[in-house]
Amino acid sequence: MSVAGACLGLIFYTTFVELIAPIFPLPDRPAQLLSPLRIADRYGLFAVMTHARYEIEFQGSNDGKTWTPYLFRYKPQDVKKAPGIYAPYQPRFDWNLWFASLGTWQEYRWVIWTEERLLHSQPQVLQLFAGNPFPDAPPKRVRAVLYRYWFTDLKTKRMDGTWWRRQLLGEYAPGLESQPDGRIMIRDVPELGTPDQ
């Protein structure tokens, strides 16, 4: 009984330490001893959160000067639109774009593949967005840009109705251009690193 009590006490302490360690540091030697057994850890969907919200936005253009965004269903984009609650539905494309925004385009090459498919107005890819801003013909150029988002304060929200403010950080991935012969050319290769650099 005393051995079982000591083991349960150790497990409880280790779990408690892992839970509050980011707030109140406690001795973590018991947690280190139990970590190989994988019975107590800080596991969670978001054990560590980022301090800023980064978002990738796909944009199309026919002249390379005027860019039109592809609107998302579930991500912040319209600064006057309130954030939604979509549980239990998990919009995988939108969610994976958030992870991609925390890394580089070299790590998430499917962002470029999405650009390529938007150049062809591929129906399966267009279904991932709220609509097609180029219903008559695909755009000649597509790019992916990176924004940083913050919530506005209550005063600003009341004054002009904006939920978000956002800052364009630059291009996230190489921009693509469709050539008259059907080939796709890379237009720009951004030098942007990960958002925290």
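Here, every reference points to the structure presented above.
This structure is a prediction, so every number in the text was calculated from the model and none was measured.

K.L.:
Got a sec to walk through the pattern of salt bridges? Specific residues and values, please.
P.N.:
Under the defined criterion, the tally for this structure stands at six salt bridges. Where Glu55 meets Lys75, a salt bridge forms, and the shortest distance between an N and an O atom there is 2.2 Å. Of the two residues, Glu55 is situated in strand β1 (residues 53–61) and Lys75 in the loop between β2 (68–69) and α3 (92–101); the sequence distance between them amounts to 20 residues. Between Arg183 and Asp181 there is a salt bridge whose closest N-O contact spans 2.8 Å. What emerges from the salt-bridge pattern is a single network uniting Arg53, Glu55 and Lys75.

K.L.:
Give me empty space enclosed by the protein: which residues, what numbers.
P.N.:
To locate leftover empty space, one rolls a probe as large as a water molecule over the atoms. All chains considered together, the criterion is met by one cavity of 30 Å³ or more. In this model, the largest cavity occupies a volume close to 40 Å³. If you trace the largest cavity, you find it lined by Glu55, Ile56, Glu57, Phe72, Lys75, Pro76, Gln77, Tyr147, Tyr149 and Arg166. Here the lining of the largest cavity takes three residues from β1, the largest share from any one element. Split by residue class, the lining of the largest cavity holds five nonpolar, one polar and four charged.

Calculation notes
- In every chain, residue numbers begin from 1 and rise along the written sequence.
- Confidence filtering applies because this is a predicted model: local features only for residues at pLDDT of at least 70, side-chain atom pairs given and counted only at 80 or more, and all residues used for totals across whole chains, interfaces and linings.
- Only hydrogens and water are set aside; all other atoms, that is, all heavy atoms of the structure, feed into the side-chain values.
- When a carboxyl oxygen of Asp or Glu lies within 4 Å of a side-chain nitrogen of Lys or Arg, that pair is called a salt bridge.
- For helices the rule is a DSSP run of H or I covering at least 4 residues; for strands it is a run of E covering at least 2, with both sets numbered from the N terminus onward.
- Cavities and pockets are found on a 1 Å grid laid over the protein atoms alone: a cavity is a set of points where a 1.4 Å probe fits but cannot escape, a pocket is an open set with protein on both sides within 12 Å along at least five of seven lines, and a lining residue has an atom within 4 Å of such a point.
- Grid points are joined across faces, edges and corners, and a volume is the space filled by probe spheres set on the points.
- Gly counts as polar in this scheme, as do all residues outside two lists: the nonpolar Ala, Val, Leu, Ile, Met, Phe, Trp, Tyr, Cys and Pro, and the charged Asp, Glu, Lys and Arg.

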